[in-house]
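Results of the structural survey
For reference, the chains in residue letters:
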Amino acid sequence: MNSFKEKLHNTIKAKNSNLCVGIDIDKKYFNSDVSIEELKDYSFKIVSATKDVAAAYKPNLAFFEEWGSQGFLWLEELVKEIGSDHVIIADAKRGDIGNTANHYANAFFNHFNCDAITVNPYMGEEAIEPFCSQEDKGVYVLCRTSNPSASFIQEDIFEKVIELSKNMNRYNNIGLVVGATNSKAMSEVRNTNDLPFLIPGIGAQGGSLKDVIKINSNFAESTLINVSRSIIFPGDNNYQGIQDAAHNFANQMRLHFER
C-alpha cells in the first residue's frame, strides 16, 4: 500500500502534470430542464477528455449533494470512472469534531474511495485528526483561500493553521489549500513550510499561473493547481473544447515549472 505522499508524487511524475481538474457541474450552465443523467454524462466526458493530462480530480460535493440520493450515486459512479491512476480529492470542506468527523472520514475514504478531502480547521485539531490517521489518505486543510473576504478571518489565524498542520503531519499526508488570487499571501504561507499545496483560483477567478509556479518552483512534485470552470465550461462545452483547455493549462504549467 502506497502512502498518500507517494501516490501524489508518483501521479504528478507519471502524468508530467500538476493539473487538478475541479468537477463543479453547475446546472446553471445547462438548459433549465437538464436532468441528472445529462450532467452525469457531461462529467464523464470531462474525465475522458482530460485523463491524459490531469494528475488529480476534485469533485465539489455541493453539486452532487443538491440532487440528494441520486447525486451520491452519481459521485460513486464518477469515482469509478476516474479510476485509481489519478488523485481524487473530495472537495467537501468538512469541519466537525469527534465521532461525527470519524463518520465523514469513513464515508469519503472507505465508501466513496477518495484519496483526500478538504477540511475546515476552525474547530481545531479534532476536526483534522480523523482525516489524517490513515497513511494512504490525505487531507488538505483550508489555510488562505481565494474568496474576496477570506482575509477578514484568515489573516489573523493562518499561521496557527500552518503550525497545527505541521504538528499533526506524522504520516506526511497533510497539505494546505492556498488560493491563487493573493500572491503575497501565498508567498507568506510558502515561506513557512514545505507541505503540499492544493491551489484553486486559476482561470475564471483570475489568479496568476505564472506567479503561482514561481512561488512553488521548488515544490513541483507536491503542488496541485486546480482549474474548474475554465476547463469544464470552455465556451461551447464540447469534447474538443474541454480537451484543448485542459492541454493548454497543463502545457503552461510544464513550461513555467521547467524554467
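Quick caveat, the model's predicted, so the values are computed rather than measured. (Residues numbered from 1 in each chain as written. Predicted model: local features only at pLDDT ≥ 70, side-chain atom pairs only at ≥ 80, totals over all residues. Heavy atoms only, no water.)

1. A few points about unusual backbone geometry
Unlike most non-glycine residues, Lys-93 shows phi in positive territory, near 50°. Its location among the elements puts Lys-93 in strand E3 (residues 87-94). A relative accessible area of 43% means that Lys-93 is categorised as partly exposed. Of note, the phi angle at Asn-172 is positive, near 55°, even though the residue is not glycine. With respect to the element layout, Asn-172 can be found in the loop between helix H7 (151-168) and strand E6 (174-178). (Helix = DSSP H or I, 4+ residues; strand = E, 2+ residues; numbered from the N terminus. Buried < 20%, exposed > 50% of the residue type's maximum accessible area, 1.4 Å probe, protein only.)

2. Remarks on the packing of helix H2 (residues 36-50) against helix H4 (residues 69-82)
The N-to-C vectors of H2 and H4 enclose an angle of 20°; their axes lie 10 Å apart at closest approach. Overall, the two elements H2 and H4 adopt an arrangement that is roughly parallel. The crossing of H2 and H4 is right-handed. Within the contact between the two elements, H2 uses Ile-36, Leu-39, Lys-40, Ser-43, Phe-44 and Val-47 and H4 uses Gln-70, Gly-71, Trp-74, Glu-77, Leu-78, Glu-81 and Ile-82. Partitioned by chemical class, the residues of the contact of H2 with H4 number seven nonpolar, three polar and three charged. (Axes fitted to C-alpha atoms, helices over the stretch in contact; angles between N-to-C directions. Parallel < 35°, antiparallel > 145°, perpendicular 65-115°, else oblique. Left-handed = near helix turned anticlockwise from the far one by under 90°. Contact = heavy atoms within 4.5 Å. Nonpolar A, V, L, I, M, F, W, Y, C, P; charged D, E, K, R; others polar.)

3. What to know about helix H8 (residues 183-190)
Inspection of H8 places Ala-185, Met-186, Val-189 and Arg-190 among the buried residues, and these make up the whole buried set. Summarising the axial view, the buried residues of H8 lie within an arc of 135°, below the 170-degree limit, and thus occupy one face. Those residues of H8 hidden inside the fold are in contact with strand E5 (138-144), H7, E6, strand E7 (197-199), helix H9 (209-215) and strand E8 (223-227). Where H8 begins, one side-chain oxygen reaches toward the backbone nitrogen of Lys-184, 3.3 Å away; that side chain belongs to Asn-182. (Arc of directions from axis to C-beta. Polar contact = N/O pair within 3.5 Å; in protein donor to acceptor, adjacent residues only side chain to side chain.)

4. Observations regarding the environment of Asn-182
Position of Asn-182 relative to the elements: it lies in the loop between E6 and H8. The partly exposed category is assigned to Asn-182, whose relative accessible area is 36%. In sequence terms Asn-182 and Val-161 are 21 residues apart; their C-alpha atoms lie 17 Å from each other.

5. Considerations on the pattern of salt bridges
Here the structure, examined in full by the defined rule, presents eleven salt bridges. Here Asp-91 makes a salt bridge to Lys-93, at a shortest N to O gap of 2.7 Å. Judged by relative accessible area, which is 6%, Asp-91 ranks as buried. Of the charged contacts in the structure, one is a salt bridge between Glu-188 and Lys-184, with a shortest N-O distance of 2.8 Å. Taken together, the residues Glu-188 and Lys-184, both in helix H8 and four residues apart, mark about one turn of the helix. Classification of Glu-188 by relative accessible area gives partly exposed; the value is 30%. (Salt bridge = Lys/Arg side-chain N within 4 Å of Asp/Glu carboxyl O.)

6. Notes on the packing of aromatic side chains
Summed over the entire model, instances satisfying the criterion amount to nine aromatic pairs. On the numbers, 4.3 Å between centres and 25° between planes, the contact of Tyr-29 with Phe-233 is stacked. Placement of Tyr-29 in the loop between strand E1 (19-23) and H2 and of Phe-233 in the loop between helix H10 (229-232) and helix H11 (239-258) is noted, with a sequence separation of 204 residues between them. Classification of Phe-233 as buried rests on a relative accessible area of 11%. Plain terms: the ring middles of Tyr-42 and Phe-233 are 5.8 Å apart, the flat faces sit at 10° to each other, and that makes the pair stacked. Of this pair, Tyr-42 sits in helix H2 while Phe-233 is found in the loop between H10 and H11, placing the two residues 191 residues apart along the sequence. For the pair formed by Tyr-42 and Phe-233, the shared burial category is buried. What links up through ring pairs into an aromatic cluster is the set Tyr-29, Phe-30, Tyr-42 and Phe-233. In this structure, Lys-27 is placed above the aromatic ring of Trp-67, and the distance from its NZ or CZ to the ring centre is 5.2 Å. The ring of Phe-197 has Arg-190 lying over it, and the distance from NZ or CZ to the ring centre is 3.6 Å. (Phe/Tyr/Trp six-rings, centres within 6.5 Å; stacked < 30°, edge-to-face > 60°. Lys NZ or Arg CZ within 6 Å of the ring centre and 35° of its normal.)

7. Things to note about the nonpolar core
Counting 69 residues, the largest nonpolar core has Leu-19, Ile-117, Val-139, Leu-176, Ile-225 and Ile-231 as the members making the most contacts within it. Every residue in contact with Ile-225, bar those within four places of it in the chain, is listed here: Asn-18, Leu-19, Cys-20, Ile-199, Ile-202, Leu-209, Val-212, Ile-213, Met-253 and Phe-257. One finds Ala-55, Leu-142, Val-177 and Leu-224 within the second-largest nonpolar core, a separate group that totals 14 residues. (Core = buried A, V, L, I, M, F, W, Y, C linked by side-chain atoms within 4.5 Å.)

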